[in-house]
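Tertiary structure, described
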Amino acid sequence: MSYTIAVLPGDGIGIEITAEAVKLLDYLQGRGLDIEMQQAPVGGAGYDAAGKPLPDETRVLVQAADAILLGAVGGPQYEDLPRDLRPERGLLGLRSELGLFANLRPAVLYPQLAAASSLKYDVVAGLDIMIVRELTGGIYFGEPRGIRDKASGEREGYNTLVYAESEIERIARVAFDIAMKRGKRLCSVDKANVLEVSELWREIVTKTGDDYPQVELSHMYVDNAAMQLVKWPKQFDVMVTKNMFGDILSDAAAMLTGSIGMLPSASLDQDSKGMYEPIHGSAPDIAGKGVANPLATILSVAMMLRYSLDQAALAEKIEQAVGRVLDRGLRTPDIMAEGCQQVGTLEMGEAVLAELSV
Ligand code: IPM
Ligand code: MG
């Protein structure tokens, strides 16, 4: 089976971290992994190259690809562009055009990094949560939306939070399936005490749960979930939630692990085609300096191997290689700790490769 991988470095540190992930893929290709890689611009880079954040050439490439590796998008030079031309539009366009409705955001604490978390050691030690975020619906895409003039003369902004039953059911199934392969506990996060949409969400998730009698399903309001995540995060195994709640909770969960620079993500469609990206942004302040942490992107390649390329054993090898590099005390500045050796993007990427080849 041969796979085509679209590589979209994007903006800022996206360029340098993706380069390390590409070296890793090159290496695996040399060892017999049957892949073909093609690069294309997206985000600000897309705007610079073709006048829009999701250029036609990129669109064609990703449609045909089996998997997509994305760096990051955005930068201060693009902030004043009209909304439709902003880099984030490229990312949202990819998600919605490819139907990547299931966003998996694992928050796993590498034991070597426990000291980097702002929470106490016993609160985060052994942490392993999977957040399943709905990614193509809800308030991010709901219509109508806009800014309009009111009769009174002032303006009002408005968005629409809407979920159809089928949208809720398909993301719930993804979450239940993942829970079955993990600790068999699923917490659905909503705001059913206030929002009708959440009422329906809760009803459909509960009904879907009838097909998964072995999974222990619980429900939590989003405000409480935010509190519980920082209070005692290990109570969670898998969490499933709407687009915007997932956006917020996954950043909170990321910080539990010490550095957002460590966390990969997968965004999947119905057929396991996926887009893989670090959950951090383009970090314009450190872009081009060679200090960004490439591990989240490298771990995103591992997720790609697991979810889209059917290479779970290889995925595990990469994750173990990352563990050994951390064991050796190598740290990029974002995860630097006393007694460790500070390295840059390139050295970190090379170290993972070296561990892989032993
Ligand atoms: C994320 C990001 C995006 C989102 C932005 C860049 C549009 O914050 O992937 O979490 O809000 O989904
Ligand atoms: Mg976010």
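Computed from a prediction, not measured in an experiment: that's the story for all the values here. (Residues numbered from 1 in each chain as written. Chains lettered and ligands numbered in written order. Predicted model: local features only at pLDDT ≥ 70, side-chain atom pairs only at ≥ 80, totals over all residues. Heavy atoms only, no water.)

Things to note about the environment of M255
Just so we agree on the cut-off: Counting from the N terminus, the helices are DSSP H or I runs at least four residues long and the strands are E runs at least two residues long. When a residue's accessible area, from a 1.4 Å probe over protein chains only, is under 20% of the maximum for its type it is buried; when over 50% it is exposed; and in between it is partly exposed.
For M255, the location among the structural elements is in helix α9 (residues 243–256). A relative accessible area of 42% means that M255 is categorised as partly exposed. Along the primary structure M255 and D26 are separated by 229 residues, whereas in three dimensions their C-alpha atoms are 31 Å apart.

Describing the sheet that holds strand β2 (residues 35–39)
Applied cut-off: Paired strands, in this sense, are two strands between which DSSP finds at least two bridges. Simply put, an axis is a line fit to the C-alpha atoms, just over the touching stretch for a helix, and the angle between two N-to-C directions goes from 0 to 180 degrees.
Spatially, β2-β1-β3-β12-β11-β4-β5-β10-β8-β9 is the arrangement adopted by the 10 strands of the open sheet, whose pairing is mixed. One side of each edge strand has no neighbouring strand; the edge strands of this open sheet are β2 and β9 (216–221). Strand after strand, the sheet turns through a mean of 20° between neighbouring axes, direction not considered. Pairing analysis gives four bridges linking strand β8 (residues 185–190) to strand β10 (residues 238–241), with the strands arranged parallel. Bridge assignment links S188 to a residue of β10, and that residue is V240.

Topic: the domain arrangement of the chain
What counts, and what does not: Residue ranges labeled as domains rest on an automatic or database domain assignment. Every residue pair with non-hydrogen atoms within 4.5 Å of one another is taken to be in contact. Buried surface area refers to the total accessible area, computed with a probe of radius 1.4 Å, that the two partners give up upon joining, counted for both partners together. The working definition used for a salt bridge is a side-chain nitrogen of Lys or Arg within 4 Å of a carboxyl oxygen of Asp or Glu.
As far as domains go, the chain holds domain 1 (1–101 + 269–358) and domain 2 (102–264). One C-alpha centre belongs to domain 1, the other to domain 2, and the line joining them spans 23 Å. The partner domain 2 presents 29 residues to the 28 residues of domain 1 that form the contact. Summed over the three residues of domain 1 that lose the most area to domain 2, namely R95, F101 and I279, the buried surface amounts to 35% of that side. The interface formed by domain 1 and domain 2 holds zero salt bridges in total. For the side of domain 1 that touches domain 2, the element with the most residues is helix α10 (residues 295–307), which contributes six residues.

A word on the pattern of salt bridges
Taken as a whole, this structure holds 17 salt bridges when the rule is applied. Residue R59 is joined to D56 by a salt bridge in which the shortest nitrogen-to-oxygen separation is 3.5 Å. With R59 and D56 both in helix α3 (residues 56–64) and three residues apart, the pair spans about one turn of that helix.

Observations regarding the pairing of strand β4 (residues 102–108)
Burial of β4 is extensive: six of the seven residues sit out of reach of the surface. Here seven bridges tie β4 to strand β5 (residues 128–134), and the two strands are oriented antiparallel to one another. For P106, the partnering residue across the bridge sits in β5 and is M130. In this sheet, strand β11 (residues 264–268) lies alongside β4 in antiparallel orientation, the contact comprising three bridges. The residue of β11 that forms the bridge with A102 is L268.

Describing the pairing of β2
Where we set the bar: The crossover handedness rule: strands pointing away from the viewer, path from first strand over the helix to second strand clockwise, crossover right-handed.
Both strand β1 (residues 3–10) and β2 contribute to a ladder of five bridges, which runs parallel. Bridge assignment links Y3 to a residue of β2, and that residue is I35. With helix α1 (residues 14–30) bridging β1 and the parallel β2, this β-α-β connection has right-handed handedness.

Brief notes about the site of ligand 1
Inclusion rule: Whether a residue is near a molecule or strand depends on its heavy atoms: if one lies within 4 Å, it is near. Here a polar contact means two N or O atoms within 3.5 Å. Within protein one must be a hydrogen donor candidate and the other an acceptor candidate, and residues neighboring in sequence count only if both atoms are side-chain atoms. Gly is placed with the polar residues, together with every amino acid not listed as nonpolar (Ala, Val, Leu, Ile, Met, Phe, Trp, Tyr, Cys and Pro) or charged (Asp, Glu, Lys and Arg).
Surrounding ligand 1, one finds E88, R95, R105, R133, Y140 and D247. Contact distances for ligand 1 include 2.6 Å between an oxygen atom and a side-chain N or O atom of Y140. Within the shell around ligand 1, the residues separate by chemical class into one nonpolar, no polar and five charged.

A short note on helix α7 (residues 196–209)
Spelled out, the test is: Expected helix span is computed as 1.5 Å times (number of residues minus one). Directions are taken from the helix axis to each C-beta atom, and the arc is the one they span.
Compared with the 20 Å implied by 1.5 Å per residue over 14 residues, the 20 Å span of α7 between its first and last C-alpha is a close match. Considered for burial, the residues of α7 that qualify are V197, S198, W201, I204, V205, T208 and G209. With its buried residues spanning 140° around the axis, α7 presents them on a single face. Facing away from the buried surface of α7 by more than 90 degrees, the exposed residues are E196, E199 and K207.

Considerations on unusual backbone geometry
Residue P144 is reached from E143 by a cis peptide bond, and omega for that bond is 0°. Within the secondary structure, P144 is located in the loop between β5 and β6 (146–149).

Observations concerning the packing of α1 against helix α12 (residues 345–356)
Quick note on the threshold: For classification, angles of less than 35 degrees are called roughly parallel, those exceeding 145 degrees roughly antiparallel, those between 65 and 115 degrees roughly perpendicular, and all remaining angles oblique. Helix crossings fall into two classes, left-handed where the near helix is turned counterclockwise from the far one by less than a right angle and right-handed where it is turned clockwise.
Here α1 crosses α12 at 20°, and the two axes come no closer than 9 Å. Relative to α12, the element α1 is oriented roughly parallel. As α1 packs across α12, the resulting crossing turns out to be right-handed. Contacts from E16, I17, E20, K23, L24, Y27 and L28 of α1 reach α12 at T345, L346, G349, E350, L353 and L356. Considering only residue class, the contact of α1 with α12 consists of seven nonpolar, two polar and four charged.

Structural notes on helix α4 (residues 87–97)
Among all positions of α4, only P87, G90, L91, L92, G93, L94 and R95 are buried. Two residues or fewer after α4 comes G99, characterised by a positive phi angle close to 65°.

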